[in-house]
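A closer look at the structure
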Amino acid sequence: MSSQPNTPTPLDLEAIRARLADAKGPEFWRSLEQVAETEEFRSFLDNEFTQGTSEWTNPVSRRRLLELMGASLGLAGLTACTKQPPEKIVPYVTQPEDIVPGKPLFFATALPVSGFGDGVLVESHMGRPTKIEGNPNHPASLGSTGVYHQSAALGLYDPDRSQSVLREGRNSTWQRFQESLNLLREELLASKGAGFRLLTETVTSPTLAALIREFLATYPEARWHQYEPVNRGAVHAGTKLAFGEAVSPVYHVDKADIIVALDADFLTAGPGAVRYSRDFASRRKPENMNRLYAVEPTPSLTGGVADHRLALNSADVDSFARALAAKVGVAVTSGATKAPAVWVDAIAKDLNAHKGTSLVVAGEHQPAAVHALAAAMNAALGNIGTTVTYIEPVEADASDQMASLAQLTADMAAGKVTSILIAGANPLYNAPPDLKFAEALRSVKLRMRLGEYDDETSAVCHWQVPMAHPLESWGDLRSYDGTVTLQQPLIAPLYEGKTAIEVISVLLNRAGRELRDVVKENWAGQLKRDDFDNFWEKSKHDGMIAGTASAPRAVTLNKDLGAQLPAAPASGAEVVIRPCPSVYDGRYTNNAWLQELPRPLTKITWDNAVLISPKMASSYKVQNGDILEVKAGGRSVKGPAWILPGQAEETITVHLGYGRTRHGKVANNVGFDAGKLQSKADPWRVAGASIGKTGDWYELAITHNHHSMEGREIVRFATVDEYKAKPDFAQAHDKGHELFNMYPEFEYKSYSWGMSIDLNACTGCNACTIACQAENNISVVGRDQVIREREMHWIRVDRYFEGSLDDPSIHHQPVPCMHCDNAPCENVCPVAATSHSGEGLNQMTYNRCVGTRYCSNNCPYKVRRFNFFRYADWETESFYNLRNPNVSVRSRGVMEKCTYCVQRINVARIEAEKEDRKIRDGEVITACQSVCPAQAITFGDMNDPNSKIAKLKKDSRDYGLLAEINTRPRTTYLAKLRNPNPELEKAKPAAGAHHA
């Protein structure tokens, strides 16, 4: 990262802290620069089009004004006339009977995240997968998905994927690799597998697991190891401490009145997150609202929606858990904790008052002791069987993955390994440095890699075999609850991709079998049904095998748990290492959609940063963007600083997934490799940390100040009690601001489309943003253009802090086009490119737009996007297959924005007219609505009095954003509610306290 000469105005954090403390009411702010009102921030707001607009900052003559206006119109016309690349249209000779141009087909399959499968429906146009939807019948998704699922289509068509078999870096063939495996098989038969090792990522596939076990039975001296950075090793170790056996928790969040999250971002990360988010949102209704406490070192999305959030160092979560456990009946010795006593007492009292309807959740990054304490508290509170059940581990092998990788490394270093097959895993990038895995691997005589990319691990292997993408594969995966989900290919492998099942089949001398037959035969042998063929066809149609969810296991709490718990870790300055909320552990780093997706809480794109608390920043005199050297455990990394309100005082947070050197054009040399700080003893926390300024500065591409609405009344919220006392609190602000409309009211005689967004359900997960991008062919623009405020997302999720600098509340608000009835954009367009439809939609006619951008300047919501350059990639052929053919691909020089997914409305309209009826309520589901795990978005016809949208518009919490300026937005919001504990609410400082 190179230094930049133009560093911004230094922030006075003490002055910012004082200003927020002196606030008389709710103080919403996006950034520290906004609170400080720095010169850069004011300049940023004053010059909405920040590049090339300096002419407008000084007084000009009438003549000069006309010259500039004429030039602007002339240049806009030129850019609007950009020549589109030629496209050839070739008709079918024989039309396939199941393919209708323009009408997509949907196929059920599964997509894995860290080995766990979620059921999805994939939209396919003419044999091309283009869009992912959730499978409404699948228990893990219920029709929704997350950001990783939505980005899978782009990953499928990624031209940087490994495209051919390589031997010693040179092109080879699958046949040649099979010949090499056949020779290896003969050696393994002679030695019973001695010297052979198989390394995979987490395996939940029953078919793959059965093949591996058969392989190990055939070659008993061979060994199988599993490793990937994010795994549930601590969960299983903790439950083994608590119950004497390793089991996996399944949470029933919808049944919990009180939830305590111990550094657990269970709503947006980990297996089951999509389902848990839905269940949690179902209990955020005013009439039956749950209460969530979050204790964590760095702000998470789960912490952001908590009714109470406590920032504690990661090490101190352990001591907090012990203190809380002691007060709810667990026989454990409680030591000192840095948590305020009122927190422990109030939460314990709340839990004890809700026995059987409470829930304690421990995060995957916490050590085994915290998981054991969480399990013990659930047992003591009588929650097992109601809000949590325990099942046999979903993973095919639930042993400690770090210990397994360490054993493999030791065997290789000792010369015990002569051949190794690495399937999917990338340990040369993501194994802790102190394992010295790379040095040990190089000593192995035969090294084979099956991977999607020719990456860091592939570089030191003799063979690199392309791995098939999940959308190209037959297979099966288990979900968080054990449900078996079937993988079915949507397209033939683009780049000669193979699966682990195929490779292991060769070693078992079963090459050439169809993958679908391998999977089917495995289940035919397990299920032994007379009607298996019919059952199998139905299972493929449904995308899952009915009745395969794991049965709950009876567990008994270890009475000696307190004596067997390891000592709590020492507190102090620490580094916590987390997967990036956008690119995860690095497997998605080459996905440009995810790279440009603003991180939910920092709003950083295209980079990772060193996150520190405001107090640490004051102590070290650090400003945003300062390059810091982070030292911990005898290792160090350098990265730009980012001051994050709500961060625990002594915690430094860094995110995995960056610093790639051999992954793809998008990923390489982006950010820094935080994994260099990891250790095999504890990969998620390193004690004894310190930071030091290097003297350099780096400009991060961050969007938190983009599209500001300049302090207007944006987010409205209250406590449940305040809402019950004054149900119309959200609308009270608008009373007295009703404006006279000069124009006659337009009567919407057919449909009148509208949208409602429930801020009480929204977690800020960004799924809506990337779903909209996938549906509407929205281009990425790159880091440099994001810095210039030119990102193209049609729906953004604004994040607001409210309250104090060190302990703020966090609010999220999705902002699409409002489709205003009095749309300010429509009146100023000189060519009528933006207009109003007879059904209430604010329409954009791309062929008419000449790029004046007057509409964007006149939009108070800042939701219109202009493609200054040809952002769409017309050169990469594989991306042609990615695009939705029902949405035009904009080239350059036109304004873009949310269309309420008008293409989906038209599909529903055609079907309704064919059947001579009106469009039914719920028949049109927009992309953002469909993806939302929390079901926060509702869309429909407001003219239908029985529609869900019409009823929500009458809800007392409904309010329009900036309704006081008489834009009459069709997208409105349901105000946010909190359900605070009165004892903790009384303990909050009075300064800056919220009021409705």
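Anyway, here's the lowdown on the structure attached to this text.

Parameters and conventions
- Residues numbered from 1 in each chain as written.
- Predicted model: local features only at pLDDT ≥ 70, side-chain atom pairs only at ≥ 80, totals over all residues.
- Heavy atoms only, no water.
- Helix = DSSP H or I, 4+ residues; strand = E, 2+ residues; numbered from the N terminus.
- Buried < 20%, exposed > 50% of the residue type's maximum accessible area, 1.4 Å probe, protein only.
- Pairing = 2+ DSSP bridges.
- Contact = heavy atoms within 4.5 Å.
- Axes fitted to C-alpha atoms, helices over the stretch in contact; angles between N-to-C directions.
- Phe/Tyr/Trp six-rings, centres within 6.5 Å; stacked < 30°, edge-to-face > 60°.
- Lys NZ or Arg CZ within 6 Å of the ring centre and 35° of its normal.
- Polar contact = N/O pair within 3.5 Å; in protein donor to acceptor, adjacent residues only side chain to side chain.
- 1 Å grid on protein atoms, 1.4 Å probe; cavity = no way out; pocket = protein on both sides within 12 Å on 5 of 7 lines; lining within 4 Å.
- Points joined across faces, edges and corners; volume = space filled by probe spheres on them.
- Nonpolar A, V, L, I, M, F, W, Y, C, P; charged D, E, K, R; others polar.
- Expected span 1.5 Å × (residues − 1).
- Parallel < 35°, antiparallel > 145°, perpendicular 65-115°, else oblique.
- Left-handed = near helix turned anticlockwise from the far one by under 90°.
- Disulfide = S-S within 2.5 Å.

**Looking at the environment of R968**
Take R968: it is sitting in the loop between β38 (958-960) and β39 (971-974). The class of R968 is partly exposed, set by a relative accessible area of 30%. Note: C-alpha distance between R968 and C820 (148 residues apart in sequence) is 5.2 Å.

**Brief notes about the sheet that holds strand β8 (residues 223-226)**
The seven strands lie next to each other as β6-β5-β17-β16-β15-β7-β8, forming an open sheet whose pairing is mixed. The outermost strands of the open sheet, each flanked by one partner alone, are β6 (170-171) and β8. Against the sheet, helix α7 (residues 174-191) makes contact with β7 (196-200), β15 (419-423), β16 (446-451) and β17 (463-466), and its axis sits at roughly 120 degrees relative to β17, the strand it touches most.

**A word on the packing of aromatic side chains**
Following the criterion strictly, the structure yields 19 aromatic pairs and no others. Measuring from centroid to centroid gives 5.4 Å for Y276 and Y480, while their planes differ by 80 degrees, and the two rings are edge-to-face. Taken as a pair, Y276 in helix α10 (residues 273-282) and Y480 in the loop between β18 (475-478) and β19 (484-487) lie far apart in primary sequence, 204 residues in all. With respect to class, Y276 is no different from Y480; both count as buried. Between R883 and the ring centre of W874, over which it is positioned, the NZ or CZ distance is 5.3 Å.

**Some words on the side chain of T651**
Looking at the element boundaries, T651 is found in strand β25 (residues 651-655). Given a relative accessible area of 0%, T651 falls into the buried group. At 2.9 Å, the side chain of T651 forms a polar contact with the side chain of E574. Dropping the residues within four chain positions of it, T651 is found in contact with P297, N313, S314, E574, V576, L611, I612 and M616.

**Structural notes on the pairing of β18**
Inspection of the sheet shows β18 paired to β19 by four bridges, in the antiparallel sense. Its bridge partner being in β19, G475 is matched across the sheet by Q487. With antiparallel pairing between neighbouring strands as the criterion, β18 and β19 make up a hairpin whose turn holds five residues, including G482 at a positive phi of roughly 95 degrees.

**What about empty space enclosed by the protein?**
Remark: the empty space left among the atoms is shown by a probe the size of a water molecule rolled over them. What the rule picks out here adds up to 11 cavities of 30 Å³ or more. Considering only enclosed or pocket space, the second largest cavity measures out at about 190 Å³ in volume. P598, T703, R796, V797 and D798 are the residues nearest the centre of the second largest cavity, which is lined by 18 residues in total. Among the elements that line the lining of the second largest cavity, the one with the most residues is strand β31 (residues 796-803), at four residues. Across the lining of the second largest cavity, the residue classes tally to three nonpolar, seven polar and eight charged.

**Brief notes about helix α30 (residues 902-914)**
Helical geometry note: an α-helix holds 3.6 residues per turn, so side chains three or four residues apart project in the same direction. For α30, with 13 residues, the first-to-last C-alpha span of 18 Å sits near the 18 Å given by 1.5 Å per residue. Residues of α30 that are buried: Q903, R904, I905, A908, R909 and A912. Buried-residue contacts for α30 involve β4 (128-134), β30 (753-758), α26 (767-775), α31 (927-931) and β37 (937-941). Looking one or two residues past α30, D916 carries a phi angle of roughly 55 degrees, positive in sign.

**A look at helix α8 (residues 206-218)**
Compared with an ideal rise of 1.5 Å per residue, which puts 13 residues at 18 Å, α8 spans 18 Å between its outermost C-alpha atoms and is within 8% of the ideal. For α8, the complete set of buried residues consists of P206, T207, L208, A209, L211, I212 and F215.

**What about the packing of α8 against helix α18 (residues 500-507)?**
Closest axis-to-axis distance for the α8/α18 pair is 10 Å, and the angle between their directions is 20 degrees. The angle between α8 and α18 falls in the class roughly parallel. In this structure, the crossing between α8 and α18 has a hand that is left-handed. For the pair α8 and α18, contact is made by T207, L208, L211, I212 and F215 and by A500, I501, I504, S505 and L507, respectively. The residue makeup of the contact of α8 with α18, split by class, is eight nonpolar, two polar and no charged.

**A few points about the state of the cysteines**
The tally for this structure, following the rule as stated, stands at zero disulfides. In this model C772 remains outside any disulfide bridge; the closest cysteine sulfur is found in C901, 6.3 Å from its own. Overall, C772 belongs to the buried group, its relative accessible area being 7%.

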